[in-house]
Amino acid sequence: MEEVLPYRAVATPPRTRLSDSIAEQLEQLIVDGTLAPGHALPGERVLAQKFGVSRPSLREALLRLEARGLLKVARGGGFAVTDVTAPTITDPLVHLLQRHAHAEEDVIELRHGLEVLAAQHAAARATRADRATLKRRFEALAAPRARRDALEVAQADAEFHLAVAEASHNVALIHVMHGLHNLLRTSMRHVWEMLYADPARVRELSEQHRALLKAVLAGDAQAAGEAAHRHLQYVRECVHARAPAKAKRPKRAASAG
């Protein structure tokens, strides 16, 4: 089934080039989060028909956006929206996380700030398509969780939280969360490996995901923010309780002034 996106016919402008108008519309869809990082655009023929323009004009617009770093050539041809933060954020922090156990708590602190905000905005702004995606991502957690596959459930967990971020329609937040995808997945795998030692904790985490989903679907921004806060606080407590004493964050002296 073809995904329905708000492309509209582009009127020929009196003074600007047609390709500029096409590029402007695509850029706006990226800025407002409608076209999320990694989203693959339709093929040139289909996209040209949706815009009501010639393929040469469309191609010129796509190449211009590629040159500006907003689009990239996708596998198998065509274009996809660039994950602009991925190369600069993900790799160094993944290596840091692997080498320093106390960095796990740093990641959770970062997630706490980002995901509470994402949940609040998602509850207020989620579209019908966003809600359907959230339901699918939540349901996708069940199978790997039951198989006790920490790697697979971490991937599904990260995808669920990314769906919440995408539903926020805050382009800066979406790009940062996508840029942190590998980091989130690595951190979540460590968390799930710890949680599988205690089935009660696994059930609790699952109910927290359900509460977050329910609040976003209900459009309750306050409840969604509180659900995200409880979830991240619980994860942080679990990690802190199981971390070796030498791996916990060292206390820092208070700065003067």
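Presented here is an overview of the structure given in this document. Given the structure is predicted, the values throughout are model-derived calculations rather than measurements.

About the thresholds
- Residues numbered from 1 in each chain as written.
- Predicted model: local features only at pLDDT ≥ 70, side-chain atom pairs only at ≥ 80, totals over all residues.
- Heavy atoms only, no water.
- Axes fitted to C-alpha atoms, helices over the stretch in contact; angles between N-to-C directions.
- Helix = DSSP H or I, 4+ residues; strand = E, 2+ residues; numbered from the N terminus.
- Parallel < 35°, antiparallel > 145°, perpendicular 65-115°, else oblique.
- Contact = heavy atoms within 4.5 Å.
- Expected span 1.5 Å × (residues − 1).
- Buried < 20%, exposed > 50% of the residue type's maximum accessible area, 1.4 Å probe, protein only.
- Arc of directions from axis to C-beta.
- Core = buried A, V, L, I, M, F, W, Y, C linked by side-chain atoms within 4.5 Å.
- Phe/Tyr/Trp six-rings, centres within 6.5 Å; stacked < 30°, edge-to-face > 60°.

Interhelical geometry of helix 6 (residues 128–139) versus helix 11 (residues 199–217) gives an angle of 170° and a closest axis separation of 11 Å. By the angle between their directions, the pair helix 6 and helix 11 is classed as roughly antiparallel. Packed against helix 6, whose contacting residues are Arg 131, Leu 134, Lys 135 and Phe 138, the element helix 11 presents Ser 206, His 209, Arg 210, Leu 213, Val 216 and Leu 217 at the interface.

Let's shift gears to helix 3 (residues 55–67). In a regular helix each residue adds 1.5 Å, so 13 residues correspond to 18 Å; helix 3 covers 18 Å between its end C-alpha atoms and thus fits that length. By the burial criterion, the buried members of helix 3 are Ser 57, Leu 58, Ala 61, Leu 62 and Leu 65. One side of helix 3 carries all its buried residues, which in axial view fall inside an arc of 135°. More than 90 degrees from the buried face of helix 3, the exposed residues found are Pro 56 and Ala 67. Looking at the packing, one finds that the buried side of helix 3 touches helix 1 (18–31), helix 2 (44–51), strand 1 (71–73) and strand 2 (79–81). The first or second residue beyond helix 3 is Gly 69, which carries a positive phi of 85°.

Attention shifts here to the nonpolar core. In this structure, Leu 134, Phe 160, Val 164, Met 177, Trp 192 and Leu 212 are the most contacted members of the largest nonpolar core, which totals 47 residues. Going through the elements one at a time, helix 5 (103–125), helix 6, helix 8 (150–167), helix 9 (171–179), helix 10 (181–195), helix 11 and helix 12 (221–242) are the ones with two or more residues in this core. With 11 residues, the top contributor of residues to this core is helix 8. Ignoring anything within four residues of it in the chain, the contact list for Phe 160 reads Leu 134, Arg 137, Phe 138, Leu 141, His 209, Leu 212 and Leu 213. Counting 21 residues, the second-largest nonpolar core is a separate cluster that includes Leu 26, Ile 30, Leu 58 and Leu 62.

Taken as a whole and judged by the stated rule, the model has 2 aromatic pairs. Look at Trp 192 and Tyr 196: their rings are 5.7 Å apart centre to centre, the planes differ by 40°, and that puts the pair in the tilted class. Here Trp 192 and Tyr 196 have matching classes, each one buried.

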